[in-house]
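Residue-level structure breakdown
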Amino acid sequence: MSTIHWTETNTPRSAHWHSESATPPPSRVIGADDRMKADVAYRLACEGTALLWRGDFHNARQLLQAMGRRIDRKPARQGDNPAESFHLHRRTRSHRARVLGRLLVRLEDDYRLNLRRAPDVRQACTEAYGPPSEPMAVSLTELLGVIGAHQWRTKGVEVPALDARIHPHYGVFSPVRGEYVDLVAHAPLPALATHRAGRRTAFDLGTGTGVLAAVLARRGIDHVVATDISPRALACARENVRRLHLTGHIDIVGPSLFPEGRADLIVCNPPWIPARPSSAVEQGVYDPGSSMLRDFLDGLTAHLEPGGEGWLILSDLAENLGLRTRSELLAGITAAGLHVVDRTDTRPRHPRARDASDPLHAARAAEVTSLWRLAST
């Protein structure tokens, strides 16, 4: 268990260090309050010194914003090709997160934030971290993410395909990009799942919030088995299934990719970018070495009922960025003993696709998300 140490009013202090991104504890920590100037805070943070905030909560947020503006004065360098630009962009974002992550706050042993004008964060922290046990220090950026996740979890995300709201948990990818949900909601079901006598079955691999499992159940699939490797995702999916009154149709199991047995339809929406995630929520976007994609393709034939289909929902953003080629994807499909039955494409509707200031704008603007219908050869 990691601990940080600092001195406050000539008294040595310490607290348990917690970081969801597995950032090591800072080796040097000093106290900071409302007298701290942004230029000084920025310089200290760039030098590796962490600032434990003891002033007004809203002033801490303003200081964080001011530090961010100073980082952003130096724009990310563009690479000679899309892949290089992507890696430079990731490096810039990593530097930004590292510097801003050095503004810290201390949570009491009940997760109370003992700062002036601080919100009550106890419920949000309990949802993200589990029951409290001892005082701990976290970065303010992480705490703001925890607060935002609690608000998302409380309010939920409207999913038109379900005519209902899905409530994401902290660290679980939120279904805010509705195009991939709509693809699953409208693709023609395999003839086997439509006409065969008995219960129609489906697997939803990497279910996250459970949104695709719910869509399949609402489409008339009698029994959906949804999996995930993340305990947070499994708990989130179970809660959403209960909210939607679909517990009689959906089982949530894991941690695993494939459940036991076979299904008429197997759906997978793996992370789209073959790169290493830097936080829990990024695991829904980044997949080192395309490992989940490869595991899905390689295991599909052994888990499909004869005549069944596998649905792969995948963006071509990695191809636009030069991180994976279309021929590599097609070769992986062929090597797994599969062939393409059909493909349905859609264009992104999220705001970043229209943000010309985004360093990766050209790749995002050209992005296409596809549902690949795959069957055994």
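Preceding this section is the structure that the text describes.
So, a few notes on the structure that sits alongside this text.

Cut-off values and rules
Residues numbered from 1 in each chain as written. Predicted model: local features only at pLDDT ≥ 70, side-chain atom pairs only at ≥ 80, totals over all residues. Heavy atoms only, no water. Helix = DSSP H or I, 4+ residues; strand = E, 2+ residues; numbered from the N terminus. Rg over C-alpha atoms; globule rule 2.2 N^0.38 Å. Buried < 20%, exposed > 50% of the residue type's maximum accessible area, 1.4 Å probe, protein only. Contact = heavy atoms within 4.5 Å. Areas by Shrake-Rupley, 256 points an atom, 1.4 Å probe, with all protein chains shown as cover. Lys, Arg positive; Asp, Glu negative; His and termini not counted. Charge placed at Lys NZ, Arg CZ, Asp CG, Glu CD. Pairing = 2+ DSSP bridges. Axes fitted to C-alpha atoms, helices over the stretch in contact; angles between N-to-C directions. 1 Å grid on protein atoms, 1.4 Å probe; cavity = no way out; pocket = protein on both sides within 12 Å on 5 of 7 lines; lining within 4 Å. Points joined across faces, edges and corners; volume = space filled by probe spheres on them. Nonpolar A, V, L, I, M, F, W, Y, C, P; charged D, E, K, R; others polar. Salt bridge = Lys/Arg side-chain N within 4 Å of Asp/Glu carboxyl O.

1. Details of the overall build of the protein
Check the secondary structure of the protein and you find 13 helices and 15 strands. Taking 377 residues into account, the globule formula puts the C-alpha radius of gyration at 21 Å, and the protein, at 23 Å, falls close to it. The C-alpha extent of the protein, read off along each of the three principal axes, is 75 × 50 × 35 Å. By residue count, 51% of the 377 residues in the protein fall in the buried class. The long-range fraction of contacts in the protein, counting pairs at least 24 apart against all pairs at least 6 apart in sequence, stands at 67%. For the protein, the accessible area works out to roughly 17700 Å², and carbon and sulfur atoms hold 50% of it. Distance from the positive charge centre (48 side chains) to the negative charge centre (42 side chains) of the protein: 5 Å.

2. A look at the sheet that holds strand β3 (residues 29–32)
Judged by pairing direction, the sheet is mixed, and its 6 strands sit side by side in the order β1-β2-β6-β5-β4-β3 without closing on themselves. The sheet is open, and its two borders are formed by β1 (3–8) and β3, each paired with just one other strand. Each adjacent strand pair in this sheet contributes to an overall mean axis angle of 40°, direction not counted. Judged from the 4 bridges that link them, strand β5 (residues 103–107) and strand β6 (residues 136–139) form a sheet pairing that is antiparallel. Within the sheet, the bridge partner assigned to Leu 104 lies in β6 and is Ser 139. Each of β4 (50–53) and β5 is contacted by helix α2 (residues 57–72), which is oriented at about 155° to β4, the strand it contacts most.

3. A word on empty space enclosed by the protein
One pass over the full model with this rule turns up 2 cavities of 30 Å³ or more. Looking at the largest cavity, its volume works out to about 40 Å³. Around the largest cavity sit Leu 314, Ser 315, Asp 316, Glu 319, Arg 326, Leu 329, Val 368, Ser 370 and Trp 372, which together line it. Residues that form the lining of the largest cavity fall into these classes: 4 nonpolar, 2 polar and 3 charged. Of the pockets and cavities examined, the second largest cavity occupies roughly 30 Å³. Around the second largest cavity, the lining residues are Ala 124, Glu 127, Ala 128, Val 146, Ala 149, His 150, Arg 153 and Tyr 170. Taken together, the elements giving at least two residues each to the lining of the second largest cavity come down to α4 (122–129) and α5 (140–155). Looking at the lining of the second largest cavity, the element that brings in the most residues is α5, giving 4 residues. Looking at side-chain class alone, the lining of the second largest cavity contains 5 nonpolar, 1 polar and 2 charged residues.

4. What to know about the pattern of salt bridges
Tallied over the entire structure, the rule returns 22 salt bridges. The salt bridge partner of Glu 47 is Arg 43, with a shortest N-O separation of 3.6 Å. Classification of Glu 47 by relative accessible area gives exposed; the value is 53%. In this structure, Glu 158 and Arg 165 form a salt bridge, with 3.1 Å as the shortest nitrogen-oxygen distance. Judged by its relative accessible area of 34%, Arg 165 is partly exposed. Taken together, the salt bridges that share partners define one network made up of Glu 8, Arg 13 and Arg 54.

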